[in-house]
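Commentary on secondary and tertiary structure
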Amino acid sequence: MGVEQKLGNMGVLTVTLEQAVNWSRTNAMWPMLFGLACCAIEMMSAQSADYDMSRFGMELMRPSPRQSDLMIVAGRVSRKMAPVLRRLYDQMPDPKWVVAMGDCCSCGGVFNNYAIVPGVDEIVPVDVYVAGCPPRPEALIHGILTLHAKVRGEKFKDYASEARR
Amino acid sequence: MSHLEYTVAILREKFGDRLPAVEEFRGQTTVVVDRGAIRAVCQALHEDPRLNFDLLAALTAVDFWPEEPRYSVVYQLYSLKHNVFVGLRVPLLAASAEVASIESIYPNANWHEREVYDMFGVTFGGHSDLRRLLMPADWVGHPLRKDYPLGYEEVQFTFNADEIDRRKSYAKE
Amino acid sequence: MNPSRQMEVTVDELKHLVSPRALTGDTMLLNMGPQHPSTHGVLRLLLELDGETIITCIPDIGFLHTGIEKNMEVKTYTQALVMTDRMDYLNNLGNNLTYCLAVEKLVELDVPPRAQAVRVLLTELQRITSHLVWLATHALDLAAMSVFLYCFREREQILDIFEMVSGQRMMTSYFRPGGLWRELPAGFEDAVRQFLKGFPRRVAQYESLLTKNPLFIDRTRQIGVISAEDALRWGLTGPMLRGSGIGLDFRKAQPYSGYEQYEFDVPTGTHGDTYDRYLVRMAELYQSVRICQQVLDRLPAGPVQSANRKFVPPPRSELGHSMEAVIHHFKLWTEGFPAPKGAVYVATESPRGELGCYLVGDGGPKPYRVHFRSPSLAHLQVLPLLSKGHFVADLVGIIGSADIVLGDADR
């Protein structure tokens, strides 16, 4: 595509800057280790040999929020944990995304009582919700790939504009 | 005579009128103990060489609101040597929801009593560190009391989904 | 109000728990926060450190408190069962079993022998999965990362068996009051036999990686020592107690669900340190395989649910031609079954220790009070005692050897 068609194979690739930036973001998205409850075990299963997540660029889970760009909220968020979650989200540098893994953080799940925040989207903006209790590792990977597709469709004008500054 | 019957007999002999009742249900024995005598009873169960109840298995409470006595603090003790459980129950009135702590006899009662305090508001006299355990430190109320609401969120059906969405606070960024 | 106010704690509030040196600033108070790679869940530890040495550690739990006990009070006995899966999320079937035993004791419901045998089989498989996750995370914390990948590979085989049986990998809710949810599918026995054939060899592989490894021994010998009398005084049960030499196992002491029919040993340690607890749990893996073999060889035929229609819903095939079946079905699914007034306490052996269920009925279809005596809560309490005088790096090994699951501790 582009100039190669006219001038032959020069060893040059032409692509828009947006596509290049989005591609690089999806290919090495480092998740933050935020396993809370049962979904964390399925997240660990997804990370290990049978459903390897490192083939999607997520080789390591970074415990430090400063070094990660994806927060997979895996498990139920209690009222005591909510400020901690918000603080960690604030500590993550841009660009950052949030995947709400499981029913409990999407909508409160099985629990509907005083102790659980009904949906982590009351605390942080969520990009992808993965349903399941707990979601199968394949469901989580499907959620991650959906997020990748979403990131590949991001446009500069949505987040990098004069007005926002 | 089984060790359990033997234990009840010894307790009756030592404490007689401080034990209002002995309940048998489904093959399990629960000794009802007066509020003021629980520490002495636990001491006897732990230290008397004939009894040997060396493990505090569980310590919890039940709220019978609006009936009186409102609370029942329940203890489950286990004897390793004789392989038997005995239950103790201390009924408490709502106005005097306080009982002596048995932390000095069974150290693991520490956190169990903190949990009962957190969930029910029952205070334990002589406890070294009575603070909330499971709820945040600044939480108001004691969740497992029967007059504490469940605190549930209204379920969204198609007829009220939009209305609830408007009221719910979503994080913007 | 600043929402993170609850996280900030001044030394004044903890004066009674820290040594006097902390008040002068001689030692440092460090927060090992709820989000940490080695705390096995959302556990917050406040460490008082003198350099690298721990003077005391103050656990702060409750970050996963789900209000399960209160939530179960508004559901019927069968509906409340679903919540028990999610407490100790590595021992789902074990939690189901404890709760079902308590309900069955309360209402005096019989369980047919086939159901009891299958319950034992699946609970032992669940014990194996729980120990595999323990080994994976414990070894990972002590920097043996390949063990993590191997253990999860074995675990997948068992999760496939659970999925075959109930449709769910983890939150199966397969045990119901009165027996099981439904009959075992075809292919179950072959799958289990195949797993049991290959598993002991795998455990031997893990042992060859860790048991005589000088690095592993260096990091676990003499770490987190607790004597037998101290362990009993602090209410430790399960491998924590057995590592110190006391062979208390509720499967042998207070057998339930037919455990008395099967032969198995209860391994114990001698020194009460992290290494002995590791050896105890590895030996338990072999014993679980032994129990599963025996169950499979003698699996009795028969129904998997009690025939008492007052408590167990009839199969759907009966609804077409029996009026009583329809009435029972209707009553059970709308209202539930009533339980008498009274309280029972049932203690079982979970992979962590003694899991007890204290159930109070009030004559209605909903439990009046359910309390789960969780082993993880008791084990967390003893963490300051275990970690005194050790380095922070050793603390990681101690938490791993305590095998705590915060869902169990916080409920």
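Throughout what follows, the structure given in this document is the object of discussion. All figures in this text were calculated on a predicted structure; none of them were measured in a lab. (Residues numbered from 1 in each chain as written. Chains lettered and ligands numbered in written order. Predicted model: local features only at pLDDT ≥ 70, side-chain atom pairs only at ≥ 80, totals over all residues. Heavy atoms only, no water.)

**Re the packing of helix α6 (residues 145–166) of chain C against helix α7 (residues 188–210) of chain C**
Residues and elements named next belong to chain C. Just so we agree on the cut-off: Axis angles are defined between N-to-C directions and span 0 to 180 degrees, where every axis is a line fitted to C-alpha atoms and, for a helix, only to the segment in contact. The secondary structure listing takes helices from DSSP runs of H or I that are at least 4 residues long and strands from runs of E that are at least 2 residues long, numbered from the N terminus. Should an angle lie under 35 degrees it is considered roughly parallel, over 145 roughly antiparallel, and from 65 to 115 roughly perpendicular; all remaining angles are considered oblique. A clockwise turn of the near helix away from the far one marks a right-handed crossing, whereas an anticlockwise turn of less than a right angle marks a left-handed crossing. Residue contacts follow a heavy-atom distance rule, with two residues in contact if any of their heavy atoms lie within 4.5 Å. Charged residues are taken to be Asp, Glu, Lys and Arg, nonpolar residues to be Ala, Val, Leu, Ile, Met, Phe, Trp, Tyr, Cys and Pro, and polar residues to be all remaining types, Gly included.
The interhelical angle for the contact between α6 and α7, taken along N-to-C directions, is 165 degrees, at an axis separation of 11 Å. Here α6 is positioned roughly antiparallel relative to α7, judged by the angle of their axes. For α6 against α7, the interelement crossing comes out left-handed. Contact residues: Val147, Tyr150, Cys151, Arg153, Glu154, Gln157, Ile158, Ile161, Met164 and Val165 in α6; Phe188, Ala191, Val192, Phe195, Phe199, Arg202, Gln205, Tyr206, Leu209 and Leu210 in α7. The residue inventory of the contact of α6 with α7, partitioned by class, reads 15 nonpolar, two polar and three charged.

**Let's talk about the sheet that holds strand β3 (residues 53–60) of chain C**
Residues and elements named next belong to chain C. Quick reminder of the rule: Pairing between strands is defined by DSSP: at least two bridges between the two strands are required.
Pairing is antiparallel across the open sheet formed by three strands, whose spatial order is β1-β2-β3. The sheet is open, and its two borders are formed by β1 (28–32) and β3, each paired with just one other strand. Direction aside, neighbouring strands of the sheet carry axes that sit 25 degrees apart on average. With five bridges connecting them, β1 and strand β2 (residues 44–50) associate as antiparallel partners. Across the sheet, the residue bridging to Met28 is Leu49, located in β2.

**A short note on the interface of chain B and chain C**
For the record, the criterion: Buried area counts how much accessible surface, traced with a 1.4 Å probe, disappears from two parts once they are put together, with both parts' losses summed. Salt-bridge detection follows one rule: a side-chain nitrogen of Lys or Arg within 4 Å of a carboxyl oxygen of Asp or Glu. Any pair of nitrogen or oxygen atoms within 3.5 Å is treated as a polar contact; in protein, a donor-acceptor pairing is required on top of that, and neighbouring residues in sequence qualify only through side-chain atoms on both sides.
Across the contact, 47 residues belong to chain B and 50 residues belong to chain C. Taken over both partners, the interface formed by chain B and chain C buries close to 4100 Å², and the fraction arising from carbon and sulfur atoms is 61%. Per-residue buried area on chain B facing chain C is highest for Arg26, Trp111 and Leu134 of chain B; these three make up 18% of the total on that side. The interface formed by chain B and chain C holds three salt bridges in total. Arg411 of chain C is paired through a salt bridge with Glu115 of chain B; the nearest N and O atoms lie 3.0 Å apart. Here chain B and chain C share 18 residue pairs in polar contact (both at pLDDT 80 or more) between them. Elements supplying a minimum of two residues to the side of chain B that touches chain C: β3 (55–63), β4 (71–79), β5 (84–92) and α3 (109–120) of chain B. Sort the elements by how many residues they give to the side of chain B that touches chain C and β3 of chain B lands first, with nine residues.

**Side note on the interface of chain A and chain B**
On the chain B side, the residues contacting the 13 residues of chain A number 19 residues. Interface area for chain A against chain B, summed over the two sides, is near 1300 Å², with a carbon-plus-sulfur share of 55%. Broken down residue by residue, the surface that chain A buries against chain B is led by Lys80, Asn112 and Tyr114 of chain A, which jointly contribute 48%. Inspection of the region where chain A meets chain B yields zero salt bridges. At the boundary of chain A and chain B, one finds one residue pair in polar contact (both at pLDDT 80 or more). Residues that form the side of chain A that touches chain B fall into these classes: six nonpolar, two polar and five charged.

**Structural notes on the pairing of strand β1 (residues 21–25) of chain B**
The pairing of β1 of chain B with strand β2 (residues 28–32) of chain B spans five bridges and is antiparallel. Bridging across to β2 of chain B, Glu23 of chain B finds its partner in Thr30 of chain B.

**Quick word on the packing of aromatic side chains**
Inclusion rule: Side-chain rings of Phe, Tyr and Trp, where Trp is taken by its six-membered ring, are said to pair if the distance between their centres is within 6.5 Å; with planes under 30 degrees apart they count as stacked, over 60 as edge-to-face, and otherwise as tilted. Relative accessibility decides the category of a residue: with a 1.4 Å probe and only protein chains considered, values under 20% of the type maximum give buried, values over 50% give exposed, and everything between is partly exposed. Note on geometry: a ring has a charge over it if NZ (lysine) or CZ (arginine) is within 6 Å of the ring centre and within 35 degrees of the ring normal.
Under the definition given, this model contains 19 aromatic pairs over all chains. With a centroid separation of 6.4 Å and an interplanar angle of 80 degrees, the aromatic rings of Tyr71 of chain B and Phe120 of chain B are classed as edge-to-face. One end of the pair, Tyr71 of chain B, is in strand β4; the other, Phe120 of chain B, is in helix α3, and 49 residues separate them in sequence. Across this residue pair, the class does not change: Tyr71 of chain B and Phe120 of chain B are buried. Between Phe311 of chain C and Phe337 of chain C the ring centres are 5.1 Å apart and the planes differ by 75 degrees, which places this aromatic pair in the edge-to-face class. On the criterion of sequence distance, the pair formed by Phe311 of chain C in the loop between α12 (274–297) and α13 (323–334) and Phe337 of chain C in the loop between α13 and β6 (341–350) is long-range, its members being 26 residues apart. With a relative accessible area of 15%, Phe311 of chain C lands in the buried category. What links up through ring pairs into an aromatic cluster is the set Tyr78 and Phe85 of chain B together with Phe250 and Tyr345 of chain C. The ring of Tyr89 of chain A carries Lys96 of chain A above its face, with NZ or CZ at 4.1 Å from the centroid. Its guanidinium or amino end placed over the ring of Phe175 of chain C, Arg119 of chain C lies 5.7 Å from that ring's centre, counting from NZ or CZ.

**Considerations on unusual backbone geometry**
For the bond from Asp94 of chain A to Pro95 of chain A, the omega torsion is -10 degrees, close enough to zero to count as cis. For Pro95 of chain A, the location among the structural elements is in the loop between α4 (82–91) and β3 (97–101). Residue Glu68 of chain B is joined to Pro69 of chain B through a cis peptide bond whose omega torsion reads -5 degrees. Residue placement: Pro69 of chain B occurs in the loop between β3 and β4. Even without a glycine there, the phi angle at Ser257 of chain C is positive, about 55 degrees. As for its placement among the helices and strands, Ser257 of chain C is situated in the loop between α11 (250–253) and α12.

Any functional reading would require information that these geometric values do not contain.
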